Amino acid sequence: MKPIGGLAKRIIPCLDVKDGRTVKGVNFVDLRDAGDPVELAWNYSNQGADELVFLDITATVERRKTMVELVKAVARQINIPFTIGGGINEIADADALLNAGADKISINSAAVKNPKLINQLAEAFGIQFVVIAVDTKLINNKNIIHLNGGRLPAERETLEWIKEAEDRGAGEILLTSMDYDGTKQGFDTNLLKLVNNMVGIPVIASGGAGTIQHFVDVFKQTNVDAALAASVFHYGEILIPDLKKVLKMNEIEVRL
Amino acid sequence: MIGIITYGAGNIFSLTAALNRLNIPYGMIANAADFELYDRYIIPGVGHAGTAMNKLIDTGFVPIIKALTKPTLGICVGMQLLTTFSEEGNSNLLSIVPLKTIKFTNTQMFKVPHTGWNRVFVDKDNQLFKNILVGSHFYFVHSYFIELSNNFTLASTKYSNTFSAAIWQNNFYGVQFHPEKSGVHGETLLINFSKI
């Protein structure tokens, strides 16, 4: 287990955005407009979220413009760090998002198809800006990475790809276990532990959160740096202040 | 009014957004004559300290900055520039505060960059941290740190080693964390700086 100094474990709500509006159900207290990503983000930061991830699934040719507008709107209003991901393919995309106020970008398929992009991004903007998102699924008892939002298996083993991404200049790994995602049965602690022990950069756990105990388990059993979830937060099944209180009771360092 | 010293090292959108939210007036310093327009200054900065220093040298602002007597706040790499030397690119810096900027070692045990929310312990009584409780969390992202000093460390943070989270010498202040991304405590610090 790596010690953490006084560094707090991070809780990260993830918002899916399309054409500048949040999609997927949001059932949230006291929001004027549950589709407005900025209002939702503000609400989460007020509750004590440590960071936010926006996953942009806009598919139009105008996508870069809508992403930049979203990032600017968030940066104007939100006083915590945030990451934007989805369809970032080249340096120019990343540059536009950085200048609009994004703290990090998350890339997935584009990095697998063109691994040198990681080196280029790290060199241009620093490794702290480059989050590599990895969607993984067990196939024939092997962890295999998947592209295009999990639809397409790539012929790469997950651990080997993560190591390469780190060597090329990834600053953080966002690992989503597709076998666990949506099940609400808990995080994939076995794989997360393997990954976290292998790399020297922060790891964000994603996929499977259903209860507060699942967050306790993932931090206690794997020592990952952060845990990400969507629906349990959006539907108010887990409130961030309650979650952090329980983490603290379990002697997990959190920011209150 | 705060003058933000622009020299091409990093994006300042989030910083200006925070100042806008807090109704703290500011302007941009793009050439030497602009310094006179302001009563305090911020030196922003992200990325590589050596590269940032070279960009600052290119602006011709270095002698002006070294001679400043009004309150001046360096943020992140902008703070590191105040020191004498950085191990990042073995770079000579502004030498305003006689400290060194050092790379985190012990990376077998501790992840680098030091990324996330860590506690800041204020060691000295200073208006910059007014109304901020000792041990409050601030947001950090950095691979190099400024060494501890009895004379110049204003606040410290524990990671693989304890380092200067904030430094202070006369009118010069520096913070390693990002106040513009550090929630309400970061906002309090920016308000405090606007009133020093």
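Note that the structure is predicted; figures quoted are calculated from it, not measured.

Draft legend 1. How the structure looks around the overall build of chain A. A count of helical and extended segments in chain A gives ten helices and eleven strands. The globule rule puts the C-alpha radius of gyration for 256 residues at 18 Å, and the 17 Å found for chain A is close to it. Overall size of chain A, expressed as C-alpha extent along the three principal axes, is 45 × 40 × 35 Å. Across the 256 residues that make up chain A, the buried fraction comes to 59%. Here chain A contributes 28 positive and 33 negative side-chain charges, whose respective centroids are spaced 0 Å apart.

Draft legend 2. Representation of the overall build of chain B within the structure. Counting its regular elements, chain B contains five helices and 13 strands. Rg of the C-alpha trace for chain B: 15 Å, near the compact-globule value of 16 Å for 196 residues, within the 12% margin. Taken over the C-alpha atoms alone, chain B extends approximately 50 × 35 × 30 Å along its principal axes. Classification of the 196 residues of chain B by burial places 61% in the buried group. Nonlocal contacts in chain B, meaning residues at least 24 apart in sequence, comprise 69% of its contacts between residues at least 6 apart. A total of about 7,400 Å² of accessible surface is found on chain B, and carbon and sulfur atoms cover 52% of it. Taken together, the 14 basic and 11 acidic charged side chains of chain B have centroids lying 6 Å from each other.

Draft legend 3. Spatial organisation of the nonpolar core. Core analysis: the largest hydrophobic core is formed by 77 residues, its most contacted members being Phe54, Ile132, Phe215 and Phe233 of chain A. For this core, the element with the most residues is helix α2 (residues 63-77) of chain A, which contributes six residues. Dropping the residues within four chain positions of it, phenylalanine 54 of chain A is found in contact with Leu15, Val17, Pro37, Ala41, Leu70, Val74, Phe82, Thr83, Ile84 and Gly85 of chain A. Residues Ile146, Ala155, Tyr159 and Ile167 of chain B belong to the second largest nonpolar core, which totals 65 residues.

Draft legend 4. Inspection of the side chain of serine 14 of chain B at higher detail. Residue placement: serine 14 of chain B occurs in helix α1 (residues 13-21). Overall, the relative accessible area of 8% leaves serine 14 of chain B in the buried class. A polar contact is formed between the side chain of serine 14 of chain B and the backbone oxygen of glycine 101 of chain A, at a distance of 3.3 Å. At 3.5 Å, the side chain of serine 14 of chain B forms a polar contact with the side chain of lysine 181 of chain B.

Draft legend 5. Highlighting the interface of chain A and chain B. Listed by partner, the interface residues are 38 residues for chain A and 28 residues for chain B. Roughly 2,700 Å² of surface becomes buried between chain A and chain B when both sides are summed, with 56% attributable to carbon and sulfur atoms. On the surface where chain A and chain B come into contact, there are three salt bridges. Across the chain A-chain B interface, the total number found is 15 residue pairs in polar contact (both at pLDDT 80 or more).

Draft legend 6. Molecular detail of the packing of aromatic side chains. All names here are of chain B. Counted according to the given criterion, the structure contains 19 aromatic pairs over all chains. Taking 5.7 Å as the distance between ring centres and 65 degrees as the angle between the ring planes, the aromatic pair formed by tryptophan 117 and tyrosine 139 counts as edge-to-face. Residue tryptophan 117 is located in strand β8 (residues 114-122), and its partner tyrosine 139 is located in strand β9 (residues 136-142); the two are separated by 22 residues in the primary sequence. A relative accessible area of 1% means that tryptophan 117 is categorised as buried.

Draft legend 7. Here's a closer look at the pairing of strand β2 (residues 26-29) of chain B. Strand direction decides the pairing type here: strand β1 (residues 2-5) of chain B and β2 of chain B, joined by four bridges, are parallel. Bridge pairing in β2 of chain B links glycine 3 of chain B to glycine 27 of chain B.

Quick notes on the rules
- Residues numbered from 1 in each chain as written.
- Chains lettered and ligands numbered in written order.
- Predicted model: local features only at pLDDT ≥ 70, side-chain atom pairs only at ≥ 80, totals over all residues.
- Heavy atoms only, no water.
- Helix = DSSP H or I, 4+ residues; strand = E, 2+ residues; numbered from the N terminus.
- Rg over C-alpha atoms; globule rule 2.2 N^0.38 Å.
- Buried < 20%, exposed > 50% of the residue type's maximum accessible area, 1.4 Å probe, protein only.
- Lys, Arg positive; Asp, Glu negative; His and termini not counted.
- Charge placed at Lys NZ, Arg CZ, Asp CG, Glu CD.
- Contact = heavy atoms within 4.5 Å.
- Areas by Shrake-Rupley, 256 points an atom, 1.4 Å probe, with all protein chains shown as cover.
- Core = buried A, V, L, I, M, F, W, Y, C linked by side-chain atoms within 4.5 Å.
- Polar contact = N/O pair within 3.5 Å; in protein donor to acceptor, adjacent residues only side chain to side chain.
- Buried area = accessible area lost by both parts, 1.4 Å probe.
- Salt bridge = Lys/Arg side-chain N within 4 Å of Asp/Glu carboxyl O.
- Phe/Tyr/Trp six-rings, centres within 6.5 Å; stacked < 30°, edge-to-face > 60°.
- Pairing = 2+ DSSP bridges.

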